[in-house]
6 protein chains.
Amino acid sequence: MSDRYQKGIEKLKIMNPDSYKTLEENLEDIAPDMARYVAEFAYGDIYSRSELDMKIRELVTIASITTLGSAQPQLKSHIHGALNVGCTPEEIIEVIMQMAVYAGFPKALNGIFSAKEVFEERDEKIGNSE
Amino acid sequence: MSDRYQKGIEKLKIMNPDSYKTLEENLEDIAPDMARYVAEFAYGDIYSRSELDMKIRELVTIASITTLGSAQPQLKSHIHGALNVGCTPEEIIEVIMQMAVYAGFPKALNGIFSAKEVFEERDEKIGNSE
Amino acid sequence: MSDRYQKGIEKLKIMNPDSYKTLEENLEDIAPDMARYVAEFAYGDIYSRSELDMKIRELVTIASITTLGSAQPQLKSHIHGALNVGCTPEEIIEVIMQMAVYAGFPKALNGIFSAKEVFEERDEKIGNSE
Amino acid sequence: MSDRYQKGIEKLKIMNPDSYKTLEENLEDIAPDMARYVAEFAYGDIYSRSELDMKIRELVTIASITTLGSAQPQLKSHIHGALNVGCTPEEIIEVIMQMAVYAGFPKALNGIFSAKEVFEERDEKIGNSE
Amino acid sequence: MSDRYQKGIEKLKIMNPDSYKTLEENLEDIAPDMARYVAEFAYGDIYSRSELDMKIRELVTIASITTLGSAQPQLKSHIHGALNVGCTPEEIIEVIMQMAVYAGFPKALNGIFSAKEVFEERDEKIGNSE
Amino acid sequence: MSDRYQKGIEKLKIMNPDSYKTLEENLEDIAPDMARYVAEFAYGDIYSRSELDMKIRELVTIASITTLGSAQPQLKSHIHGALNVGCTPEEIIEVIMQMAVYAGFPKALNGIFSAKEVFEERDEKIGNSE
């Protein structure tokens, strides 16, 4: 495997190890190169760059996928990733709420409901609900 | 609560009381301010303006969410809203069908299927199917 | 030419005669059938249906194209169409403003600026600016 | 029924007979004209044109619906259609993978998962997984 | 004017005073309430919340508008805003580049070209080009 | 430079040499790595795969970018690319017209107008206009 793959896998170990393992398994019979490109390009090339820290990378990704509005599995995966690299639930919710201004309320609301599912899976509490 | 909130809640009582109650409950542990913004901004500021009647407001919203293509819960909620303010099932279907021209057939078809679910929940008949 | 074409052309005479003529000219060397489909399907099949009046048809189209966000020539053409069938500038602006809730502020703002260009071309005044 | 309808139905018999039958049944109580427009316009007008063969028509449709990202039932229907007109599973996967470049990884991944469901329903094998 | 308006204007003074002034002028004859909603809701309600700092707010907004792909004036306005609150050109470019993974290369490239225009207007240098 | 870069550049020489040169120049002061990723990932990884020929790759890309609706420079670049690898103007127009069904008429029309600009630049004739 390429260096880029190894670098990507290192990043994924920190950010989202379970998601990537599931992705690899889901793709192995049908498009194994696609899993490799995720590791190599998305994580090995892009996320491995030093210009932004992992927390900001995950928050801008959450903003982007909330704006797409139709990729809830990937949104949930990156909400896990954001929590794994140290973002708080409050920060994540705040980013998604802000998307109401740019992508409209329906997408922001559906993003919040995806976050709620992730927090419940992980038993995360958010500050203003204790 | 603000005047805008009260005005929004008045509108919501006419348009979509059950949807808003569900929304508030779903958001109360995670993003209660988001429910408040829906009442204050969407309904208190925008829907409370006098320039358009409620029927047209709901029909243009249905057009917009059908065009988004990925917010079926909100689409269904506004189809309920449209019926609640006096739109006929035929008018609603007609708006969604017209979206085939502007947003493509797949989104129009998925919009029609959402409408079908709402009409079945409410046991609405549409004219040309009796 | 088909009956549907004739019916479409009748509608277009009321709604947007100049836009269609320009469209036909722009397409005649490259995709003349596409102009025919616009007349036959969009106007002959869809807009000719009796379930909605022309004013509502134009307002929901404006909602949809504002939501697309990237088809400003067509948005302007339908703002002309809406004015031609009797919508007021205030109603048009109101529909576009409401899109801030569903499609986000950037698309709503760009929609308003397209409307502004159309109103200026036609020297339309809007009520609250006199 | 119109000639265009007959031509569309002929095309649909080759491409996707079961999907269209289901569509017609799902729409018959609510928007039967919409099923007719699918046959007449999409298949009778567009797919019946001679400029492209059916395989390319299905592949570009798969590219488009993957890019929309939010119309998985229609995507699956056209993956069936592509296989029915002779595209290989490898070609279909390849088109969807290429969409990662133009529509982003989340939409490409969700497209691949839709293809996987279709292949499993039909018990299709893809070359590099045997 | 409301407290929310005042709070929004305070934020806008820090983030993007010129853009808002231009917006207000552009809207005053056609939709002055829309400018007020931008100040009140986007800036007074959302950006004034304490959960995220201004730099992160601008970066997630840039991610969202790059993902929309069709609102270049607003993208440029928020690139100005990001620089005004202390983001570096490198951070902004990095966020936009990451969008290639989520929204595809065309939107990321067009985002970078918008950033380039803003940097040239302001005569900003980016580190790896000196 | 990596093997993938060399492979990508080989592909680009066939498909779109001028576009890539312009891209590289436009990015060199601001995001030179982005140009490299285009060569390495888009062309070296994806377009270099053997499962689809270049003509189909360009046609599905044209379908995708027409569906995005907001990336006209990239659409024009790939219309050039399609012509460069042997697609006819008729095939290109036909793919874009088919997008009316999936992405709506406004995006299909704007795609046709982009094709028209490219054909005029290259002085291409299309069959049915001679």
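Whatever comes next refers back to the structure up there.
Let me sum up the structure you'll find in this document. (Residues numbered from 1 in each chain as written. Chains lettered and ligands numbered in written order. Predicted model: local features only at pLDDT ≥ 70, side-chain atom pairs only at ≥ 80, totals over all residues. Heavy atoms only, no water.)

### A closer look at the overall build of chain A
And step 1. The number of helices and strands found in chain A is 7 helices and 0 strands.
And step 2. In chain A, the succession of α and β elements from N to C terminus is α-α-α-α-α-α-α.
And step 3. Based on the C-alpha atoms only, the size of chain A along its principal axes is roughly 45 × 30 × 30 Å.
And step 4. Taking all 130 residues of chain A together, the buried fraction comes to 66%.
And step 5. At a minimum sequence separation of 6, the contacts of chain A that also span at least 24 residues come to 68%. (Helix = DSSP H or I, 4+ residues; strand = E, 2+ residues; numbered from the N terminus. Buried < 20%, exposed > 50% of the residue type's maximum accessible area, 1.4 Å probe, protein only. Contact = heavy atoms within 4.5 Å.)

### A look at the interface of chain C and chain A
And step 1. Opposite the 7 residues of chain C that make contact, chain A presents 7 residues.
And step 2. Of the roughly 450 Å² buried between chain C and chain A on both sides combined, carbon and sulfur atoms contribute 63%.
And step 3. The tally of links between chain C and chain A comes to 0 salt bridges.
And step 4. For the pair chain C and chain A, the interface holds 2 residue pairs in polar contact (both at pLDDT 80 or more).
And step 5. Every element with two or more residues in the side of chain C that touches chain A is listed here: helix H6 (89–103) and helix H7 (105–122) of chain C.
And step 6. Tallying contributions element by element places H6(C) first for the side of chain C that touches chain A, with 4 residues.
And step 7. Here the side of chain C that touches chain A is composed, by residue class, of 6 nonpolar, 1 polar and no charged. (Buried area = accessible area lost by both parts, 1.4 Å probe. Salt bridge = Lys/Arg side-chain N within 4 Å of Asp/Glu carboxyl O. Polar contact = N/O pair within 3.5 Å; in protein donor to acceptor, adjacent residues only side chain to side chain. Nonpolar A, V, L, I, M, F, W, Y, C, P; charged D, E, K, R; others polar.)

### Quick notes on the pattern of salt bridges
And step 1. Evaluated as defined, the whole model comprises 78 salt bridges over all chains.
And step 2. The closest approach of N and O atoms between Arg49(F) and Asp33(A), which form a salt bridge, is 2.7 Å. With Arg49(F) in the loop between helix H3 (32–47) and helix H4 (54–68) and Asp33(A) in helix H3 (residues 32–47), the pair connects residues from two separate chains.
And step 3. With a relative accessible area of 23%, Asp33(A) lands in the partly exposed category.
And step 4. Between Lys21(C) and Glu25(C) there is a salt bridge; the shortest N-O distance is 3.3 Å. In this pair, Lys21(C) and Glu25(C) both sit in helix H2 (residues 17–27), 4 residues apart, roughly one turn of the helix.

### Structural notes on empty space enclosed by the protein
In this approach the atoms are scanned with a rolling probe the size of a water molecule, which exposes any empty space left behind.
And step 1. Using the criterion set out here, one finds 3 cavities of 30 Å³ or more in the structure.
And step 2. What the largest cavity holds in volume is close to 390 Å³.
And step 3. Surrounding the largest cavity, 24 residues form its lining, Lys107(A), Lys107(B), Lys107(C), Lys107(D) and Lys107(F) being those nearest its centre.
And step 4. Only helix H4 (54–68) of chain A, helix H4 (54–68) of chain B, helix H4 (54–68) of chain C, helix H4 (54–68) of chain D, helix H4 (54–68) of chain E together with H4 of chain F provide two or more residues apiece to the lining of the largest cavity.
And step 5. Grouping the amino acids of the lining of the largest cavity by side-chain chemistry returns 6 nonpolar, 12 polar and 6 charged. (1 Å grid on protein atoms, 1.4 Å probe; cavity = no way out; pocket = protein on both sides within 12 Å on 5 of 7 lines; lining within 4 Å. Points joined across faces, edges and corners; volume = space filled by probe spheres on them.)

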